[in-house]
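Structure assessment
In case you want the letters, here they are:
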Amino acid sequence: MGSGIGKQDSISMSDEWVKIAAPATTSNIGPGFDTFGLAMSEPCDIIEGRRIDSGFRITEISGSGSDGIPTDPRVNSVSIAAEQVLKRCGADFGMELRIKKGIRPCSGMGSSGASAAGGAYLANILCGEKLSSTEVILCAAHAEDVISGGLHADNVAPCILGGFTIIRSYEPFEVIRIEPPKDLGMVVALPDVMVATSDSRKVLPEEVSVKKLVFHVGNASTLVYGMMTGDLGMIGRSVKDAVFEPARARLVPYLKEAEKEAMSNGALVSFLGGSGPCIMSFYDGNTKIGDNIAESIKAIYADNNMKCDTWVTKPGIGCKRI
Ligand code: HSE
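First things first, this report covers the structure right here in the doc. On a predicted model such as this, the values are computed, not experimentally measured, just so you know.

Assigned secondary structure in the protein consists of ten helices and eleven strands. What you see for the protein is a C-alpha radius of gyration of 19 Å, in line with the 20 Å of a compact globule of 322 residues. Classification of the 322 residues of the protein by burial places 56% in the buried group. Across the protein, contacts joining residues at least 24 apart in sequence account for 76% of those joining residues at least 6 apart. By element, 49% of the accessible surface of the protein is carried by carbon and sulfur atoms, the whole surface being about 13200 Å². The average position of the 32 basic charges and that of the 38 acidic charges among the side chains of the protein differ by 1 Å.

Glancing now at helix 2 (residues 111-126). If you check helix 2, its first and last C-alpha atoms are 23 Å apart, about what 16 residues at 1.5 Å a residue would give, namely 22 Å. Residue Gly128 follows helix 2 closely and has a positive phi angle near 75°.

It is worth spelling out the site of the ligand at this point. Residues in contact with the ligand, as listed here, are Ser27, Asn28, Phe33, Asp34, His152, Asp154, Asn155, Thr197, Arg201, Arg248, Gly274 and Ser275. One nitrogen or oxygen atom from the side chain of Asn28 is found 2.7 Å from an oxygen atom belonging to the ligand. Between the ligand and the protein, one listed contact pairs an oxygen atom with a side-chain N or O atom of Arg201 at 2.7 Å. With the chains in place, 97% of the 260 Å² that the ligand exposes on its own is no longer accessible. In a pocket analysis with a 2 Å cut-off to the grid points, the ligand is assigned to the largest pocket. Secondary-structure elements contributing two or more residues to the shell around the ligand are strand 1 (18-28), strand 2 (32-52) and helix 5 (197-202). The residue inventory of the shell around the ligand, partitioned by class, reads one nonpolar, seven polar and four charged.

A few words on empty space enclosed by the protein. Overall, the coordinates contain one cavity of 30 Å³ or more when judged by the stated rule. Space inside the largest cavity adds up to approximately 70 Å³. Around the largest cavity sit Asn28, Gly30, Asp241, Phe244, Glu245, Arg248, Phe271, Leu272 and Gly274, which together line it. Contributions of two or more residues to the lining of the largest cavity are made by helix 8 (244-248) and strand 8 (267-272). The leading source of residues in the lining of the largest cavity is helix 8, at three residues.

Attention shifts here to the packing of helix 1 (residues 77-89) against helix 3 (residues 133-148). Two numbers describe how helix 1 lies on helix 3: the axes approach to 8 Å, and their chain directions differ by 140°. Put simply, helix 1 runs oblique to helix 3. For the pair helix 1 and helix 3, the crossing hand works out as right-handed. Counted together, Ser77, Ile80, Ala81, Gln84, Val85 and Arg88 of helix 1 and Glu135, Leu138, Cys139, Ala140, His142, Ala143, Val146 and Ile147 of helix 3 form the full contact between these two elements.

What follows covers the packing of aromatic side chains. Overall, the coordinates contain five aromatic pairs when judged by the stated rule. With a centroid separation of 3.9 Å and an interplanar angle of 5°, the aromatic rings of Phe33 and Phe244 are classed as stacked. In this pair, Phe33 is assigned in strand 2 and Phe244 in helix 8, connecting sequence segments 211 residues apart. The same class applies to Phe33 and to Phe244, which are both buried. If you follow Arg51 out to its NZ or CZ, it ends over the ring of Phe93, 4.0 Å from the centre. The aromatic ring of Trp17 is capped on one face by Arg98, whose charged end is 3.7 Å from the ring centroid.

In this fold, Ala262 is placed in helix 9 (residues 255-264). As a C-alpha pair, Ala262 and Lys100 span 162 residues in sequence and 30 Å in three-dimensional space.

Spatially, 8-9-7-10 is the arrangement adopted by the four strands of the open sheet, whose pairing is antiparallel. The open sheet has two edge strands with one neighbour each: strand 8 and strand 10 (308-313). For this sheet, the mean angle separating the axes of adjacent strands, direction not counted, is 15°. Sheet topology places strand 8 next to strand 9 (residues 279-284); five bridges connect them, and they run antiparallel. Bridge pairing in strand 9 places Phe271 opposite Met280. Its contacts with the sheet put helix 10 (residues 290-303) on strand 7 (184-191), strand 8, strand 9 and strand 10, and the angle it makes with strand 10 is roughly 170°.

Close approach of charged atoms allows side chains of opposite charge to pair. All chains considered together, the criterion is met by 15 salt bridges. Asp72 is paired through a salt bridge with Arg74; the nearest N and O atoms lie 3.0 Å apart. The class of Arg74 is partly exposed, set by a relative accessible area of 49%. Salt bridges sharing common partners tie together Arg177, Glu179 and Lys182.

Cut-offs used in this document
- Residues numbered from 1 in each chain as written.
- Predicted model: local features only at pLDDT ≥ 70, side-chain atom pairs only at ≥ 80, totals over all residues.
- Heavy atoms only, no water.
- Helix = DSSP H or I, 4+ residues; strand = E, 2+ residues; numbered from the N terminus.
- Rg over C-alpha atoms; globule rule 2.2 N^0.38 Å.
- Buried < 20%, exposed > 50% of the residue type's maximum accessible area, 1.4 Å probe, protein only.
- Contact = heavy atoms within 4.5 Å.
- Areas by Shrake-Rupley, 256 points an atom, 1.4 Å probe, with all protein chains shown as cover.
- Lys, Arg positive; Asp, Glu negative; His and termini not counted.
- Charge placed at Lys NZ, Arg CZ, Asp CG, Glu CD.
- Expected span 1.5 Å × (residues − 1).
- Near = heavy atom within 4 Å.
- Polar contact = N/O pair within 3.5 Å; in protein donor to acceptor, adjacent residues only side chain to side chain.
- 1 Å grid on protein atoms, 1.4 Å probe; cavity = no way out; pocket = protein on both sides within 12 Å on 5 of 7 lines; lining within 4 Å.
- Sits in = over half its atoms within 2 Å of the grid points.
- Nonpolar A, V, L, I, M, F, W, Y, C, P; charged D, E, K, R; others polar.
- Points joined across faces, edges and corners; volume = space filled by probe spheres on them.
- Axes fitted to C-alpha atoms, helices over the stretch in contact; angles between N-to-C directions.
- Parallel < 35°, antiparallel > 145°, perpendicular 65-115°, else oblique.
- Left-handed = near helix turned anticlockwise from the far one by under 90°.
- Phe/Tyr/Trp six-rings, centres within 6.5 Å; stacked < 30°, edge-to-face > 60°.
- Lys NZ or Arg CZ within 6 Å of the ring centre and 35° of its normal.
- Pairing = 2+ DSSP bridges.
- Salt bridge = Lys/Arg side-chain N within 4 Å of Asp/Glu carboxyl O.

Okay, structure coming up:
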């Protein structure tokens, strides 16, 4: 027996199904490339799992973009992350999984991160919650590394912990969580383009100037201050990126037009979500209407004969059992 991911053995021992929701997240958030992340309340992936004797079986994948998601557990984020948890816990069982994607892959909304975090979170429940949150994050980050072409935990950390998270260091790994302002409204607009994180990382510069470093340190620091104190104006002014969004902008048609329109319709700031192509806008939930921002971005894409899905959401609590 064992958790070997290559095995797809028959079930001779079954256990209760456990169901969890793993939310979308936005990462980078301007100056915090690979360090900042924020969990949303929705959309979510729904993942169900139960113990089997050994190996991994993915018996169902449905939902948004599920056609392109492999059922082979060796190359699926959910099972790769879950296997890491089982290994760390020394578990003597495997898992059967059912996955319903609410977050389209290649969206910049932490789709692979939600799969990885959800798989690790679910496996930890099946193991009697032996692992700490940080260990669960590391298991999920391993899956991100395998699938997305680079170790980054800025989606899986908020997906596990909820709220706003900062990766202080990858080696040794240290992450902190900050409770974001309750009135921070979020609008996600997802145009009908696919951008794989691995491709979006290939266009990044290898080095940055001291001038840009200074710009990022200043804005990153004040963004954290804004999150901690609930200063929405400061958050809006601090979501600035002199390096990553400029390098990636050409991957997303009408990005600048969409951001401009969001700003004209009440956004505090509008920016590239994660590795793209989604466009994220923050707004003051007390005084502005998220639907206006969402509709204005939709209209930009409709004018250019492109579909664009939108969500009006807010910061969320991360993975949860449902
Ligand atoms: N920080 C990562 C990137 C997030 O921007 O490449 C990918 O989802």
